[in-house]
Amino acid sequence: MTAAALYISGALTTGLAPNFVVLIIGRLLYGVGIGLAMHGAPLYIAETCPSQIRGTLISFKELFIVGGILFGYLVGSYEIDVVGGWRYMFGFSAPLAAIMAVGMWSLPPSPRWLLLRAVQGKGPMEDNKKKAMNALRRLKGPSASDKVLTDEIENNLSSIKAAYADQAEGSIFQVFEGASLKAFTIGGGLVLFQQR
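Analysis parameters
Residues numbered from 1 in each chain as written. Predicted model: local features only at pLDDT ≥ 70, side-chain atom pairs only at ≥ 80, totals over all residues. Heavy atoms only, no water. UniProt positions renumbered as here; feature names shortened; annotations may be inferred. Domains from an automatic or database assignment. Contact = heavy atoms within 4.5 Å. Buried area = accessible area lost by both parts, 1.4 Å probe. Salt bridge = Lys/Arg side-chain N within 4 Å of Asp/Glu carboxyl O. Polar contact = N/O pair within 3.5 Å; in protein donor to acceptor, adjacent residues only side chain to side chain. Nonpolar A, V, L, I, M, F, W, Y, C, P; charged D, E, K, R; others polar. Helix = DSSP H or I, 4+ residues; strand = E, 2+ residues; numbered from the N terminus. Expected span 1.5 Å × (residues − 1). Buried < 20%, exposed > 50% of the residue type's maximum accessible area, 1.4 Å probe, protein only. Arc of directions from axis to C-beta. Axes fitted to C-alpha atoms, helices over the stretch in contact; angles between N-to-C directions. Parallel < 35°, antiparallel > 145°, perpendicular 65-115°, else oblique. Left-handed = near helix turned anticlockwise from the far one by under 90°. Phe/Tyr/Trp six-rings, centres within 6.5 Å; stacked < 30°, edge-to-face > 60°.

In the nomenclature of an unreviewed UniProt entry, the protein chain is known as Major facilitator superfamily (MFS) profile domain-containing protein of Aegilops tauschii subsp. strangulata. Quoted verbatim from the Subcellular location (unreviewed entry) field of the UniProt record, the comment on the protein chain reads "Membrane".

Below you can see the structure in the form of structure tokens.
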């Protein structure tokens, strides 16, 4: 929802920008919103969909991103001869972001995330298990049996407990130490140097 709000505000700010500074602020809002959505969508897909179709759904996300970029260029090229026509290219994404917000509003929380919060002690275990069961029922539809849902919840809970038991609390500063620093430097460098 934060990504959609930033996406909408960035699109409107950029499309209606009265000067260069406001245009840059709008592009910044727009970029952060898109960045959050591009990282949040595959995470949600990975946590909520069956493994048999996970790759396909993530590929569709990429296809829609590329299609959206192409659509933006088409709108921009259609309005290229109009004074300020570039504004349409940016402003036209606001209604699409609103559709994204409505779609995201209707999604349940990730059952794995709810169970992780319970394992971390950030909520009562039984309450979060019930919430996870309801979220999973919404994702799988009313035809899923209670036994299948309960089994999946228990399997997820077992794997989360096993993974979480091996982890100690850390801090963000550990990224800048030892092997993590090397991975961070290589990953960050690839991101920076691939941009032209």
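K.L.:
Please give an account of the domain arrangement of the protein chain that cites residues and values.
P.N.:
Along its sequence, the protein chain is organised into domain 1 (1–106) and domain 2 (111–194). The straight-line distance from the C-alpha centre of domain 1 to that of domain 2 is 26 Å. Each side of the interface is counted separately: domain 1 has four residues, and domain 2 has five residues. Summing both partners gives a buried area of about 370 Å² for domain 1 against domain 2, and 52% of it is carried by carbon and sulfur. Considering only the surface of domain 1 that becomes buried against domain 2, E47, T48 and S106 emerge as the three largest contributors, covering 82% of it. Applying the counting criterion to the domain 1 and domain 2 interface returns zero salt bridges. Across the domain 1-domain 2 interface, the total number found is one residue pair in polar contact (both at pLDDT 80 or more). Of the residues that constitute the side of domain 1 that touches domain 2, the class distribution is one nonpolar, two polar and one charged.

K.L.:
I'd like a rundown of helix α5 (residues 93–105), residues and numbers included.
P.N.:
In this model α5 runs 18 Å from its N-terminal to its C-terminal C-alpha over 13 residues, within 8% of the 18 Å that 1.5 Å per residue would give. Among all positions of α5, only S93, A94, A97 and A101 are buried. An end-on view of α5 places all buried positions within 100 degrees of arc, on one side of the element. Exposed side of α5, more than 90 degrees from the buried face: I99 and V102 are the residues found there. Against the buried residues of α5 lie α1 (2–15), α2 (20–48) and α4 (86–91).

K.L.:
Outline the packing of helix α7 (residues 125–140) against helix α8 (residues 146–165), supporting the account with residue identities and numerical values.
P.N.:
Where α7 meets α8, the closest approach of the two axes is 10 Å, and the angle between their N-to-C directions is 125 degrees. When the axis of α7 is compared with that of α8, the two are oblique. Of the two elements, α7 crosses α8, and the hand of that crossing is right-handed. The segment α7 lies against α8, with M125, K129, A132, M133, L136, R137 and K140 engaging D146, L149, T150, E152, I153, E154, L157 and K161. Grouping the constituent residues of the contact of α7 with α8 by class yields seven nonpolar, one polar and seven charged.

K.L.:
Tell me about the UniProt feature "transmembrane region" (unreviewed entry) in the protein chain, residues and numbers included.
P.N.:
UniProt tags residues 20–45, 57–76 and 88–107 as "transmembrane region" (unreviewed entry). Taken end to end, residues 20–45 comprises 100% helix and 0% strand; its first and last C-alpha atoms sit 37 Å apart. Between the end C-alpha atoms of residues 88–107 the distance is 30 Å, and the span holds 85% helix and 0% strand.

K.L.:
Tell me about the packing of aromatic side chains, residues and numbers included.
P.N.:
Using the criterion set out here, one finds three aromatic pairs in the structure. Relative to Y30, the ring of Y7 has its centre 5.2 Å away and its plane inclined at 65 degrees; by these criteria the two rings are edge-to-face. Of this pair, Y7 sits in helix α1 while Y30 sits in helix α2; the two residues are 23 residues apart in sequence, bridging distant segments of the chain. Y30 sits in the buried class, given a relative accessible area of 17%. Measuring from centroid to centroid gives 5.4 Å for F176 and F184, while their planes differ by 80 degrees, and the two rings are edge-to-face. Here F176 falls in the partly exposed class, since its relative accessible area comes to 45%.

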